[in-house]
Number of protein chains: 2
Amino acid sequence: MLISSAEIISVGTELLLGDVVNTDAAFISRRLAALGIAQYRQTVVGDNAGRLEAALGEALGRADLVILTGGLGPTYDDLTKETAAKLMKRSLVVDERTLGRIEARARAFGFEMTENNKKQALIPEGSFILDNDNGTAPGIVIEDFEKGKLIMLLPGPPSECEPMFHEKAEPYLRRFTSGVLVSHTLNIFGLGESKVESILREIMLASENPTLAPYAKDGEVQLRVTASGIDTAECERLCSELIERIYSTEVGKYIYGIDAGTLEDALVRELIAQKKRIAAAESCTGGYVAKRITNVSGSSEVLDGSIVTYANRVKERFCNVSRETLQKYGAVSRQTAIEMARGVRELFGADIGVSTTGIAGPTGGTPEKPVGTVFVGVSADGFEEVRELHIGNGLASREKVRYISASNALHLALTALAAIKNNSKEFLS
Amino acid sequence: MLISSAEIISVGTELLLGDVVNTDAAFISRRLAALGIAQYRQTVVGDNAGRLEAALGEALGRADLVILTGGLGPTYDDLTKETAAKLMKRSLVVDERTLGRIEARARAFGFEMTENNKKQALIPEGSFILDNDNGTAPGIVIEDFEKGKLIMLLPGPPSECEPMFHEKAEPYLRRFTSGVLVSHTLNIFGLGESKVESILREIMLASENPTLAPYAKDGEVQLRVTASGIDTAECERLCSELIERIYSTEVGKYIYGIDAGTLEDALVRELIAQKKRIAAAESCTGGYVAKRITNVSGSSEVLDGSIVTYANRVKERFCNVSRETLQKYGAVSRQTAIEMARGVRELFGADIGVSTTGIAGPTGGTPEKPVGTVFVGVSADGFEEVRELHIGNGLASREKVRYISASNALHLALTALAAIKNNSKEFLS
């Protein structure tokens, strides 16, 4: 069978109460679009068997594939599996392999194997199982090839749902889609989505294969280039042609990588490649920069230490920011930022020092320096720079100010590494 | 009329493509819950008149109030208003006051008043208007008191939707609600969801008012107690009775707060209350503890500085962990953890020092110390403790190991503060 269209049903009273934002649906939708599977409707229902059964029945009437997320947990109000099995007239049977995996996980995580956990090993007979490497509830596909219908059950927690969909569900679904799809993502920093769109509008409107889809994510813009064709080689060729065109536009110089992952991934990769070490002195980001660098496995190769310098006395003592600078220009200033960057580089004997100092809010803003005023600095051998940021002109949340500030620190370090590389090239040539 | 239940229909192809996360639905849902308006289903449809009309018709069959967000923009694919008007058999008429407001906004923001903007001043005749103070599209309520149905149209952008709902829609909706709903959340750390549920199962099944709903969030468990009644006092009384019962169970000692928010919120609040300062020495969490503490506005009152001590030489130099300890027990050990906690407390002159040292993975594990082996320490005046964690035994992601480790550091600091408080009480008594 070929899947022509899908629907997502998100199950969970917490969604209807607004306690949780439905990020699973957005994630799965992006992936379905990349698979070329159309989607015309999504539904959210609570942990209620009757209403879930009604919604599932309606969705099956409209779509070939219905993906349900949530309600696979161990507690009594988790009834997605039971409801789907009932509707498809499948009895629940213990899947020994899944039971073994759950027991192993219980031992590993040192939690007590309750009857509720055992319930998670019950599978509608004849189902296809998607192993859960990040939790106890397995993913399940109830297949009805006669009617040409598939019901896919996925766990709700994004930490389980996203990797399972990406690693287990997508390879499964590809059997039911035609042709090959190849996707590449251009990672862009420092240019807004609408600016990117206005620069690339002509190219976007003209692009049918590959398609070109921009989306803004955590203050960055990603451009997804997706080509479809008979084989991978053809798709890759189509993608690279379009990617070259994009590089030739004004957008080009804001691209920091292709399929580069996050800024921190790209930074750690480049630090390792150049055998450089980094340290951060963080005021307004309070550890966010170091946290993001150390998100990356292998970051111990490039970071020995880092410091949060919230109080001025700490800035003075550890990064030896001069008292004069603090008094004359204030802690939130270009001068303080660069002294912090130099100081922390010295403190840990790093090749690159980055710094952040600013007003994260919601309080602490002044007419001269409103919330969102942040200075981000970098100091490296032969390269120093400070960026002055005005994030959200007073309207941005504390989290947003801190995240964007950290992103700029990471990007500024990448910029320094690029400059160092070019200098050494020039030096060699 | 009284509104017994509502549904939300989110309109926008960008939602079905996953380019946008549906935060409007979560926001409105939280507010509806606070208003005591039940919600049993949510729907997302694209910018397609036929499918929108079908979804709206179905929703009106189930609920008294249907809230639609999105599709009120000026462009051709915005057709929510036209579709709703058609279904309710209302013709569109120009609302002069709204037209005036749009013209005024165009002047204020210096954009050209297009025919499309004028289209935004068209209102289904006899509708109630919710002024838009943050954009051009007004909110609209199509009222049918005979059938007891309300259709509310809201703009999609959260910057317009959220303030409009809060400031304009809620006062309007209060006319159609009776009674009150009061909700409290018990914050639990150190006990899994299925364990909580198995302990409280009897109470949960017996509880109809207040209701008791558990859910797991970021490695914590939250228990939501929701009571309905004629007034707040009655609801509060019902809630506190149930909360007392829960405290009397085995779950009680794992509750770290009521409506406490996150662990970091609770910690910063308690630090401020006790006028104490904290500092962290972080190895495997690499800044995550400091980052989470400084998530909280006002944390500058309780944190002067913090340090990431990834390399051993940094642990020695800044937290003066003895070389003997590092050689004899290794960096990932109970002894190193406590020396780090003592050392960082000294380094920044803090009242409480916390530390983390462990193997975050995916690499670096050994048979004796597999990935997920973490020691978390705390040192305070008269209170020291080290927790040995075994997170996932190689199965947990790096992010999970780091997050759970940071959570334990925050929780250990709360434990220390509680001990200090009790000691001083005993001392006084």
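Residues numbered from 1 in each chain as written. Chains lettered and ligands numbered in written order. Predicted model: local features only at pLDDT ≥ 70, side-chain atom pairs only at ≥ 80, totals over all residues. Heavy atoms only, no water.

Colleague: Report on the overall build of chain A, specifying residues and quantitative values.
Modeller: Helices and strands together make up the secondary structure of chain A, namely 15 helices and 17 strands. The C-alpha extent of chain A, read off along each of the three principal axes, is 75 × 50 × 40 Å. Taken across its 429 residues, chain A has 58% of its residues classed as buried. Here the contacts in chain A between residues at least 6 apart in sequence split such that 68% fall between residues at least 24 apart. Accessible area of chain A: about 17300 Å², with a carbon and sulfur share of 52%. Side-chain charges in chain A split into 48 positive and 57 negative, and the spacing between the mean points of these groups amounts to 3 Å. (Helix = DSSP H or I, 4+ residues; strand = E, 2+ residues; numbered from the N terminus. Buried < 20%, exposed > 50% of the residue type's maximum accessible area, 1.4 Å probe, protein only. Contact = heavy atoms within 4.5 Å. Areas by Shrake-Rupley, 256 points an atom, 1.4 Å probe, with all protein chains shown as cover. Lys, Arg positive; Asp, Glu negative; His and termini not counted. Charge placed at Lys NZ, Arg CZ, Asp CG, Glu CD.)

Colleague: Can you tell me about the sheet that holds strand β10 (residues 211-217) of chain B, naming the residues and giving the values?
Modeller: Residue and element names in this part refer to chain B. Taken together, the 4 strands give an open sheet; going across it, the order is β10-β11-β9-β12, and neighbouring strands pair in antiparallel fashion. Two strands close off the open sheet at either side, each with one partner strand: β10 and β12 (255-258). Neighbouring strand axes in the sheet, compared pairwise and without regard to direction, differ in orientation by 25° on average. Where strand β9 (residues 180-188) meets strand β11 (residues 220-229), 9 bridges bridge the pair, whose relative direction is antiparallel. Within β11, the position partnered with I188 by the bridge is V221. Contacts between helix α8 (residues 193-206) and the sheet are confined to β9, β10 and β11, with β10 contributing the most and set at about 175° to the helix. (Pairing = 2+ DSSP bridges. Axes fitted to C-alpha atoms, helices over the stretch in contact; angles between N-to-C directions.)

Colleague: Give a description of the state of the cysteines that names residues and reports values.
Modeller: Residues and elements named next belong to chain B. Per the counting criterion, the structure on display carries 0 disulfides over all chains. Between C284, a free cysteine, and C319, which holds the nearest cysteine sulfur, the sulfur-to-sulfur gap is 14 Å. On the accessibility criterion, C284 (3% relative accessible area) is buried. (Disulfide = S-S within 2.5 Å.)

Colleague: Kindly report on the pattern of salt bridges, identifying the contributing residues and their values.
Modeller: Residues and elements named next belong to chain A. Under the criterion given, the structure shown has 42 salt bridges over all chains. Between E53 and K86 there is a salt bridge whose closest N-O contact spans 3.0 Å. Residue E53 is located in helix α3 (residues 49-62), and its partner K86 is located in helix α4 (residues 80-87); the two are separated by 33 residues in the primary sequence. Across the salt bridge formed by D131 and R101, the nearest N and O atoms sit 3.9 Å from each other. Of this pair, D131 sits in the loop between β6 (128-130) and β7 (139-144) while R101 sits in helix α5 (residues 96-109), placing them 30 residues apart in sequence. Accessibility expressed as a relative area gives 16% for D131, which makes it buried. Residue class for R101 comes out partly exposed when judged on its relative accessible area of 33%. Taken together, the shared-partner salt bridges in this structure form one network comprising R97, R101, D131, D133 and K168. (Salt bridge = Lys/Arg side-chain N within 4 Å of Asp/Glu carboxyl O.)

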